[in-house]
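# Structure at a glance
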Amino acid sequence: MSRSCDICKKGLLYGKAVSHSNRKTNRVWVPNLQKVKAIVNGTPKTIRVCTNCLKSGKVQRAL
């Protein structure tokens, strides 16, 4: 199962965590995904959507 938004395709970002002593360790930034029942092609379907897409109104939620 992918960890990306079904609307905007926002996914994982990889980088380094840098401590005060300047040691670098691997870390991952994960988008805030929510499972939402939304209208897709006229039918209700459960999709994974980031909170930015929910807040901006890019998703029409099914009731």
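Below, the structure is looked at part by part. (Residues numbered from 1 in each chain as written. Predicted model: local features only at pLDDT ≥ 70, side-chain atom pairs only at ≥ 80, totals over all residues. Heavy atoms only, no water.)

## Structural notes on the pairing of strand S2 (residues 24-29)
Examined bridge by bridge, strand S1 (residues 13-18) and S2 share six bridges and lie antiparallel to one another. Residue Gly15 lies in a different strand from S2, and its bridge partner there is Arg27. The loop that links S1 with its antiparallel partner S2 comprises five residues; one of these, Asn22, has a positive phi angle of about 70°. (Pairing = 2+ DSSP bridges. Helix = DSSP H or I, 4+ residues; strand = E, 2+ residues; numbered from the N terminus.)

## Some thoughts on unusual backbone geometry
The phi dihedral of Lys9 is positive, around 65°, even though this residue is not glycine. Following the sequence through the fold, Lys9 ends up in the segment before S1. Residue class for Lys9 comes out exposed when judged on its relative accessible area of 58%. Notably, Asn22 is not glycine yet its phi reads approximately 70°, a positive angle. Relative to the assigned elements, Asn22 resides in the loop between S1 and S2. (Buried < 20%, exposed > 50% of the residue type's maximum accessible area, 1.4 Å probe, protein only.)

## Some details on the environment of Gly57
Among the secondary structure elements, Gly57 is positioned in the segment after helix H1 (51-56). Gly57 gets classed as exposed once you look at its relative accessible area, which sits at 54%. Separated by 33 residues in the primary sequence, Gly57 and Lys24 have C-alpha atoms spaced 38 Å apart.

## So, the packing of aromatic side chains
Where two aromatic rings form a pair, the distance of their centres and the angle of their planes describe that pair. On inspection of all chains with the given rule, the structure shows zero aromatic pairs. Cation over ring: Arg27 sits above Trp29, and NZ or CZ is 4.0 Å from the ring centre. (Phe/Tyr/Trp six-rings, centres within 6.5 Å; stacked < 30°, edge-to-face > 60°. Lys NZ or Arg CZ within 6 Å of the ring centre and 35° of its normal.)

## Let's talk about the environment of Gly11
Summarising the element assignment, Gly11 is placed in the segment before S1. Note on Gly11: relative accessible area 26%, which makes it partly exposed. Along the primary structure Gly11 and Val30 are separated by 19 residues, whereas in three dimensions their C-alpha atoms are 6.9 Å apart.

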